Amino acid sequence: MADILDVLHARCAEVAGEAILSGAEHPTLTLSTREVADLLNHVADLRRRCHDIDLDYRELDNRYTVLRRATRDATASLDRIRSTLEQRTAHPEALSRQARTIARFAAENLAAASMNTTTSGP
């Protein structure tokens, strides 16, 4: 595909040079049918690659959103654990169980978010 760009560049330079020498304001560029087909194939390939890049970007943005949400939830869980452990009214074992439960759910949510972002990738 790069060959057609080289041909197109050379042809445009040639036409531009002739136009400068002849004083023509609107030079005409003539391409063969094969050159036009190669150029159209190149444009189609670029469009396909652009579409693939766009899909990859959307997937990465989705992963980022999932991980960001999971991180925010884990931070909130840590705050709940801290406030739970600061309570002086409950029995220490009950506080410990409650903190472990919050930590377990936070860990499960982070693991699930991590699994969702690694298994759904390109």
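In case you missed it, the structure is sitting above this.
The model shown is predicted, which means the values in this text are computed figures rather than measured ones. (Residues numbered from 1 in each chain as written. Predicted model: local features only at pLDDT ≥ 70, side-chain atom pairs only at ≥ 80, totals over all residues. Heavy atoms only, no water.)

**Student:** Describe in detail the overall build of the protein, supporting the description with residues and values.
**Tutor:** Looking only at helices and strands, one finds 3 helices and 0 strands in the protein. When the helices and strands of the protein are placed in sequence order, the string is α-α-α. The C-alpha atoms of the protein give a radius of gyration of 31 Å, which is well past the 14 Å a tight globule of 122 residues would have. Expressed along its principal axes, the backbone C-alpha trace of the protein runs to roughly 95 × 30 × 15 Å. Restricting to contacts in the protein with at least 6 residues of sequence separation, those with at least 24 account for 58%. Surface exposure of the protein reaches about 9,500 Å², of which carbon and sulfur atoms provide 58%. (Helix = DSSP H or I, 4+ residues; strand = E, 2+ residues; numbered from the N terminus. Rg over C-alpha atoms; globule rule 2.2 N^0.38 Å. Contact = heavy atoms within 4.5 Å. Areas by Shrake-Rupley, 256 points an atom, 1.4 Å probe, with all protein chains shown as cover.)

**Student:** Account for the pattern of salt bridges, naming residues and giving values.
**Tutor:** In total, this model carries 9 salt bridges according to the counting rule given. Notably, a salt bridge pairs Asp54 with Arg58, separated by 3.0 Å at the nearest N-O pair. One end of the pair is Asp54 and the other is Arg58, both in helix α2 (residues 33-86) and 4 residues apart, which spans about a single turn. Under the relative-accessibility criterion, Asp54 is labelled partly exposed at 31%. In this structure Arg58 comes out as exposed when scored by relative accessible area, which is 54%. For Arg82, the salt bridge is made with Glu86, and the minimal N-O distance between the two is 3.6 Å. Of this pair, Arg82 and Glu86 both sit in helix α2, 4 residues apart, roughly one helical turn. Among the ionic contacts, a cluster of salt bridges with common partners joins Asp45, Arg48 and Arg49. (Salt bridge = Lys/Arg side-chain N within 4 Å of Asp/Glu carboxyl O. Buried < 20%, exposed > 50% of the residue type's maximum accessible area, 1.4 Å probe, protein only.)

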